[in-house]
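Examination of the molecular architecture
Chain by chain, the residues:
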Amino acid sequence: MKTRSLRTKLLFQYLALVLICMVVIPALISLQIHKQFYKYSSEKLTEDEQQIISLVEKSLVAGNNDGKNFQGEMLNWPVTRFTVTNKEGQSLFTVKHTPRKVAPNQAERDKQIEKLLTVQKFALHSANKEKIGEITFYIVPFKISREGRFMQVFQRDMYAGVAVMLLFAVIFAMFMTRKIVRPLLKTAEQAKKISEGSYIAEKHEQSDIKEIQMLLDSVDRLGTELAEQEELRKRLMSDIAHELRNPVTVVKAQLEAFADGVWEPTAERLQLTLTEIDRLSLLIKEVEGLTTLAKGYETLSISVTDLSQLTKKSALSFEPLFKNKGVELKLDIEEGLELAIDPARIRQAVENLVSNALRYTDKGGSVKVSLARSDKRVTLSVADTGIGMAKEELPHIFERFYRTDKSRTRASGGMGIGLAIVKAIIEAHGATITAQSEEGKGSCFTVTFQTKE
Ligand code: ADP
């Protein structure tokens, strides 16, 4: 398809509109005025002619054949003169229009007009309809009549006005199209830069046109989001590399020690190596799990499940661990809440939340798992009285491999991937997860499912 720049298109459309408004409409008006004027002057001419005819008829019937009682002042333009003949065709008299003001070149003008005059002949009758002669009018055509000349001046002035307005319209159209096209071009440039990898624009373009401003904002947001994604991707790569490095180094060192004979490969020592390898495979499994979950809802196997039972079972499976650590586990679960979910995945999410709560709560503390329905929502929450998190850390905890400063220093810390998995599972279900926390006081994670009824 042939493409034209928006600027050319807008300019053409704008000018087409202006042309229609400023040329076609005045042309129609002028045509109408011309028509009305022409009609009016023809009617007036006929009236004048009829008046003269009846006067001449009366005069001839009365026997005055010399035209003495007709003066030139009687005649109005466009009638310049009339001649009267008797019924035999002999000329009786001619009456000429006498101009009120005689122009210096009157003779010359009369000569020129003479060539253009139109002639109209009428028969003259007596009262009893008998033909008594003929009258011939010599008439100035409409074009050079007073009315015709008025029309010409009117049209000339009107079109001069239109030309000036057109010029203004062109300047205005150019200004307007520039105003629209400029930010669009800038946006296109910015989008191109984004595709080339420089995401953040140096200058944020502004437009007073709402739709263009929306587009500018979207492109800006796109750039910012891509920059964030890029940053996250880089961090993810370096985090994975970092997480892999530790166990690999340890396993390598241990295997080298066995190979060099420095270390006896006792069952106990081999178990240590196996633990590291387990850690590695767990990490690989979790990264794999994250990738599948990123594909969303389609990867879930959904069935209507008793969420109350599921939550209770998941929490209770931790009971021995809670007992060992001396942390109290409290349950407040509304019975019989059924939802369409992937039970294995939701169980994984609940267990992650409960295991985190236990991990970050010291002896003597408590963890409360609650499930309740209100209106069109089912809310599952895991609240603990543990170490809590700093306000500035809260927004990051769902990111992959993020661990708060406190948890890094703890021997019990995980790999920082658990919450990222929980969030991916919850969001794949179309639900939401939020966290509230106060440092030193505890944390509360809340999952909200929307139900249809
Ligand atoms: P990890 O495997 O390190 O626990 P998560 O993704 O599960 O990773 O959690 C990320 C970080 O969020 C943790 O390192 C920890 O700092 C913080 N966190 C998660 N749950 C809690 C909690 N219940 N109390 C305090 N901090 C928590």
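Residues numbered from 1 in each chain as written. Predicted model: local features only at pLDDT ≥ 70, side-chain atom pairs only at ≥ 80, totals over all residues. Heavy atoms only, no water.

Comments concerning the packing of aromatic side chains
Spelled out, the test is: Only the six-membered ring of Trp is used, alongside the rings of Phe and Tyr, when aromatic pairs are assigned; centres must lie within 6.5 Å, and planes under 30 degrees apart are stacked while those over 60 apart are edge-to-face, with the rest tilted. The numbering of helices and of strands both runs from the N terminus, where a helix is a DSSP run of H or I of at least 4 residues and a strand a run of E of at least 2. Using a 1.4 Å probe on the protein chains alone, a residue whose accessible area is under 20% of its type maximum counts as buried, one over 50% counts as exposed, and one in between counts as partly exposed.
Scanning all chains against the criterion turns up eight aromatic pairs. Each ring, one from Tyr14 and one from Phe172, has its centre 6.1 Å from the other, and the planes form 45°; the classification is tilted. Pair noted here: Tyr14 is in helix H1 (residues 6-61) and Phe172 is in helix H3 (residues 146-195), with a separation of 158 residues, a long-range link. What makes Tyr14 partly exposed here is its relative accessible area of 28%. Residue Phe172 is classed as partly exposed on the basis of its relative accessible area, which comes to 43%. Seen from their ring centres, Phe398 and Phe445 are 6.2 Å apart, and the 85° between their planes marks the pair as edge-to-face. Separated by 47 residues along the polypeptide, Phe398 in the loop between strand E9 (377-384) and helix H9 (405-409) and Phe445 in strand E11 (residues 442-450) bring together distant segments of the chain.

A closer look at the pattern of salt bridges
Convention followed: Every case where a carboxyl oxygen of Asp or Glu lies within 4 Å of a side-chain nitrogen of Lys or Arg is listed as a salt bridge.
Evaluation of the coordinates by the stated rule reveals nine salt bridges. In this structure, Lys44 engages Asp48 in a salt bridge whose closest nitrogen and oxygen atoms are separated by 3.7 Å. With Lys44 and Asp48 both in helix H1 and four residues apart, the pair spans about one turn of that helix. In this structure Asp48 comes out as buried when scored by relative accessible area, which is 16%. Two residues, Arg156 and Asp157, come together in a salt bridge whose shortest N-O distance is 3.3 Å. The class of Asp157 is partly exposed, set by a relative accessible area of 45%.

Some remarks on the side chain of Ser443
Threshold: Identification of polar contacts relies on pairs of N or O atoms within 3.5 Å, with a donor-acceptor requirement for protein atoms, meaning one able to donate a hydrogen and the other able to accept it, and with residues adjacent in sequence counted only if both atoms are side-chain atoms. Any two residues whose heavy atoms approach within 4.5 Å are treated as being in contact.
Tracing the backbone through its elements, the reader meets Ser443 in strand E11. Side-chain polar atoms of Ser443 contact the side chain of Ser437, separated by 3.0 Å. The residues contacting Ser443, other than those within four sequence positions of it, are Val382, Ala383, Asp384, Gly388, Met389, Gln436 and Ser437.

A look at the sheet that holds E9
Heads up, the condition is: Only strands joined by at least two bridges in the DSSP assignment are considered to pair. Between the N-to-C directions of two axes lies an angle of 0 to 180 degrees, each axis being a line fitted to C-alpha atoms and, for a helix, fitted only over the stretch in contact.
Pairing is mixed across the open sheet formed by five strands, whose spatial order is E6-E8-E9-E11-E10. Two strands in the sheet have a free side with no partner beyond their single neighbour: strand E6 (328-333) and strand E10 (432-438). Direction aside, the axes of adjacent strands within the sheet are offset by 10° on average. In this sheet, E9 lies alongside strand E8 (residues 366-374) in antiparallel orientation, the contact comprising eight bridges. For Ser374, the partnering residue across the bridge sits in E9 and is Arg377. Of the strands in this sheet, E6, E8, E9 and E11 touch helix H6 (residues 307-316), which is tilted by about 180° from E6. Strands E10 and E11 of the sheet are contacted by helix H10 (residues 418-428), whose axis makes an angle of about 140° with E10.

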